[in-house]
Each structure stands twice: as C-alpha cells, then as structure tokens.
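Descriptive structure summary
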Amino acid sequence: MVYFVGAGPGAPDLITVRGLRLLQEADVIIYAGSLVNPALLEDRKPGCAVFNSARMTLEEVLDVMRCAEADQKMTVRLHTGDPCIYGAVREQMDALDEMGIAYESCPGVSAFCGAAAALNLEYTLPDVSQSVILTRAAGRTPVPDRESIASFAQHRSTMVIFLSAGLLKDLSEQLIAGGYPAETPAAIVYKATWPDEKSCLCTVETLAQTAAEWGIAKTALIIIGEAVTHSDYQRSRLYHPAFETEFRKAGSEL
C-alpha cells in the first residue's frame, strides 16, 4: 500500500494527525527533499528506509514503491503542503494503477494557508474579494494560454502565485498589463511556517525590488490583491445580530 501524505507548509506540527500516524507506521518513506521539514522523519519507526526524491527520477521513485510492495511493506510518499497542488501525484497514481498497487491520499495544509497565517490574512473579505486564484507563472513547466497571469489579473480578485519567486519582474508586468493597478497591495512570504520565515509587504510594481532587498529568490509565495491590507471590508453578515440562522434568531436591523 502507498499513501500520498501532505507534510504541510513547513512547521513539523502542521502535519495532520492522520499524516503523522501514517509516517510512524511506514516501512518506507519517500520525501520531497528540501521542501519537507526533515524533523518529520525523526519519529519514524526503527528500520524504516528513507529516500530523498529530490535526487530521484519518477522511474526511481516508482521502483522503490514497486519493491516495497513486493516485500509487503507500506510506503509513505511525503509531499510538501498538500499533494493535490503542484505535487506531480497524478503521474505516480497512474503508474501505480498500471502496476496494480493500491494507494490512498492524506491531505495536508497547503503553503497558501501557511502564508495567510504568517500575515494574519483572510483571503475572502466581504466587499473586497470572495475568490482566490491559485496559479503559477510559466517557467520550465508551461501554463496554458487561457491561464496566463494577465488573463487572471483581469478579475482583480485575490491571487496566490506559487513557484514564481525568480520571475518577479516579468510577473509584475503581466499583472499590471492584465488589470491590477501598479499600486495594488502585494506580499511575498518566504518559507511560510519555517523558522526562517520572512513576510514582506509591497505592491505589484515593487515585487522584484522588494524580493531583491530581502534576498528572496525561491521558496516563496506571492499574494496579490486588496485583501493583503485587510482594509475597507464590510462586516460579515453571518455573525451580525440581524442575520438569522438555523441556530440563532435575528435581532436588530442590518
């Protein structure tokens, strides 16, 4: 059996209870190199074999899984954040299907949630933004034309951009060309929830300059939108005394 487990954004205590239990039960762990906090491996059981996938190809990862299954061993494939976001898990699952090896997924806390925690940020503020776009700039991995940064920028909703910290000058240009004003609030969160976490507030126009000043070139999320400044929002009606719910009667006027 193979379990795809989300390790969370960095802090070892942000893995789920289920994910930690699976790690402790694993006979084989294949973890995503420098992206996963190695402290998570400290509670593995004696004799557990550990492989760093940063040094492996897909074929090598699958070979480890195949050998473990042949020996009736349980494998945990430990991915950063949540495996469903930029985790390259589908290709592994398809290969396991072909080999007849069973697998399950255990979700994790995504880095975009860790970045929000670093900023004490709510992405979906009433009258400011009720949508969050999770995307990336095109790099070695292409992005479909219909999902370009400029096309998404037309919505001017909250945007969280992964895997793009080395492309900030071009990113700023695309965001502005697509519709965000140059002065739109932005944030760069480096290694969210890790001990060396950094959070930098800036604007769309100053993304590259801010990253250079803070020495950030990788392992950072970029957050764009008015929600970054958490201002000019309306109070949520859910907890307003005039809003009636299944559990509470309405009181005063809105």
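Just above sits the structure.
This report concerns the structure included in the present document. All values derive from a computational prediction rather than experimental measurement.

Before going further, it helps to examine the overall build of the chain. Per the secondary structure count, the chain includes 7 helices and 10 strands. Overall size of the chain, expressed as C-alpha extent along the three principal axes, is 65 × 50 × 35 Å. The buried share among the 254 residues of the chain stands at 45%. Summarising the internal contacts of the chain: among those between residues at least 6 apart in sequence, 64% fall at separations of at least 24. When the accessible surface of the chain is totalled, it reaches about 13,700 Å², and 51% of it is carbon and sulfur. Averaging the coordinates of the 21 positive side-chain charges in the chain and doing the same for the 32 negative ones gives two points 2 Å apart.

With that settled, the discussion passes to helix H3 (residues 90–99). Buried within H3 we find Gln-92, Met-93, Ala-95 and Leu-96. Projected down its long axis, H3 carries its buried residues within an arc of 165 degrees, all on one side. Looking at the buried side of H3, the elements it contacts are strand S1 (2–6), helix H2 (58–70), strand S4 (75–79) and strand S5 (103–106). Backbone geometry just after H3 places Gly-100 at a positive phi near 75 degrees.

To continue, consider the sheet that holds strand S3 (residues 49–52). Sheet strands line up and pair through hydrogen bonds in the backbone, either parallel or antiparallel. If you walk across this open sheet you meet the 5 strands as S3-S2-S4-S1-S5, and the pairing is parallel. Every other strand in the sheet has two partners, leaving S3 and S5 as the edge strands with one partner each. Strand-to-strand, the axes of this sheet are offset by a mean angle of 20 degrees, without reference to chain direction. Each of S1, strand S2 (28–31), S3 and S4 is contacted by H2, which is oriented at about 165 degrees to S2, the strand it contacts most. In this fold H3 packs onto S1, S4 and S5, with an angle of close to 155 degrees to the strand it touches most, S5.

Thresholds, definitions, all that
- Residues numbered from 1 in each chain as written.
- Predicted model: local features only at pLDDT ≥ 70, side-chain atom pairs only at ≥ 80, totals over all residues.
- Heavy atoms only, no water.
- Helix = DSSP H or I, 4+ residues; strand = E, 2+ residues; numbered from the N terminus.
- Buried < 20%, exposed > 50% of the residue type's maximum accessible area, 1.4 Å probe, protein only.
- Contact = heavy atoms within 4.5 Å.
- Areas by Shrake-Rupley, 256 points an atom, 1.4 Å probe, with all protein chains shown as cover.
- Lys, Arg positive; Asp, Glu negative; His and termini not counted.
- Charge placed at Lys NZ, Arg CZ, Asp CG, Glu CD.
- Arc of directions from axis to C-beta.
- Pairing = 2+ DSSP bridges.
- Axes fitted to C-alpha atoms, helices over the stretch in contact; angles between N-to-C directions.

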